[in-house]
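Descriptive analysis of the structure
Spelled out from the first residue to the last, the chains are:
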Amino acid sequence: MTSPAGATPAAVTAAPAVTSAARRPVAPLGNTSPVWRRAWHPVAHAEEVTADGPARVLVGGQPWAVARFDGRLAAFEDQCPHRLAPVSAGSLTRTAAGETRLTCAYHGWRYDAAGRCDLIPALGREGPVSSRARLRPAYGITEAYGLIWLAPEEPLGALPAFPEWHDPAMTRAKSRTVRTRASAGQLVDNFLDAAHFPFVHAASFGVADDGPLEAGTVTADGWLATGVFDTPYRDGGAVVSHRVIKTAGVSGSAHVRLELPGVTIGILLACQPEDDDTTRVFKLITRSDIGGDDGRLETFIKEEDQILAEDLAILERYPSGLLPLDPRAEVHSRADRLSVAWRRLMASATAAAGAGMADATAADATGTCA
Ligand code: FES
Ligand SMILES: [Fe+2]
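For clarity, every value in this text was computed on a predicted model and none was experimentally measured. (Residues numbered from 1 in each chain as written. Chains lettered and ligands numbered in written order. Predicted model: local features only at pLDDT ≥ 70, side-chain atom pairs only at ≥ 80, totals over all residues.)

Attention now moves to the nonpolar core. Ranked by size, the top nonpolar core spans 83 residues in total, and within it Val 66, Ile 148 and Leu 150 carry the most contacts. Here this core spans two domains, since at least three of its residues come from each of domain 1 (34-142) and domain 2 (157-353). Excluding residues that lie within four positions of it along the chain, Val 66 makes contacts with Val 43, Ala 44, Val 49, Pro 54, Ala 55, Val 57, Leu 73, Ala 75, Ile 141, Ile 148 and Leu 150. (Core = buried A, V, L, I, M, F, W, Y, C linked by C-beta atoms within 7 Å. Buried ≥ 20, exposed ≤ 12 C-beta atoms within 10 Å, placed from the backbone. Domains from an automatic or database assignment. Contact = placed C-beta atoms within 7 Å.)

This is how it looks when you write it as structure tokens:
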């Protein structure tokens, strides 16, 4: 795993203490909210970034050029300092010594993995190169769970954990990757919510007459919110009780571990907030009872595709992708405690990221539950 700025992927800073209930408004969370600059984002499948050339990806409305330099990943703001052409339109070339360079398509300025320019063709091979002729790197770029992850600036939280992905007892797969007009914030909020199962997922795993949602426990630890509760689950024909452990941090990603009788499922929903209009959704899935059965694996993937489609069917009906972070903007119930905890966390992150809309104490505004 690599990072052009030398950062470790697990860079974490402590969550600020929430000290009082300020009453200033908290801006809603959209795909281009400044807080996303302080988070890790999935930007591509690993196989989409090849030695053939740079890839252009979007995070929070900003384009980045991502490339592999002799096995090392690098990401740069997608702008050549010369005439500001997108360097993602360039190509990967080789020096006489065989080292990889990113060469701009416009006038051929040539950059190394750290973003330093080492050749301006119009000045000749020995010509001077200004120290200002540099690409601006992302704070971090790394590869995990078969995806490429990018952090524009120092992230507030760690890369999302996904222990099931590395568990040899689990069979892992990727559900269909989709683009949607729903925002990353809406998708994470939906993923943390359990009260919609009997309605949105009535055709898949939801159980219509499952009674009140069990309260469970919700905890906030640093930059992570976690909920644990038991709820009915329809797995094929059988209705079983299952334990759900959901976790989300300062991230467009959320993790769930489902513990059914004799079966464990682990899922990482990883959302890339591309711009105000689109989110790319990667859904990584694992299950313990596949055992090399390709038919069962195909069924599992299809079920997870369907579940995501059911969620998107309601999320895409919203007129806007903005997710309220001010707890007074919506009416919450006891069943929404995890969603409220994540809103508070993101409000604190917004303040900590210096977005200028509210300080961390605003996250402590009343999250009254009806
Ligand atoms: S714009 Fe890149 S070399 Fe001129
Ligand atoms: Fe759902």
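The rest of the description comes next.
Glancing now at the sheet that holds strand E8 (residues 117-119). The four strands lie next to each other as E5-E6-E7-E8, forming an open sheet whose pairing is antiparallel. The sheet is open, and its two borders are formed by strand E5 (91-94) and E8, each paired with just one other strand. Across two bridges, the pairing between strand E6 (residues 100-103) and strand E7 (residues 110-111) is antiparallel. Looking across to E7, one finds that Thr 103 is bridged to Arg 110. (Pairing = 2+ DSSP bridges. Helix = DSSP H or I, 4+ residues; strand = E, 2+ residues; numbered from the N terminus.)

On average, the protein chain scores 89 in pLDDT, and the residues at 70 or more come to 88%. A low-confidence stretch, residues 1-12 stays under pLDDT 50, and its non-local contacts, those more than four residues away or across chains, total 33 contacts. (pLDDT = per-residue confidence, 0-100.)

Turning to the packing of helix H1 (residues 184-192) against helix H4 (residues 337-352), a few remarks are in order. Angle between the axes and distance between the axes: these two values describe a pair of packed helices. Packing of H1 against H4 leaves a shortest axis separation of 8 Å and a crossing angle of 145 degrees. As H1 runs across H4, the sense of the crossing is right-handed. Two secondary-structure elements touch here, H1 through Val 188, Asp 189 and Leu 192 and H4 through Leu 338, Ser 339 and Trp 342. (Axes fitted to C-alpha atoms, helices over the stretch in contact; angles between N-to-C directions. Left-handed = near helix turned anticlockwise from the far one by under 90°.)

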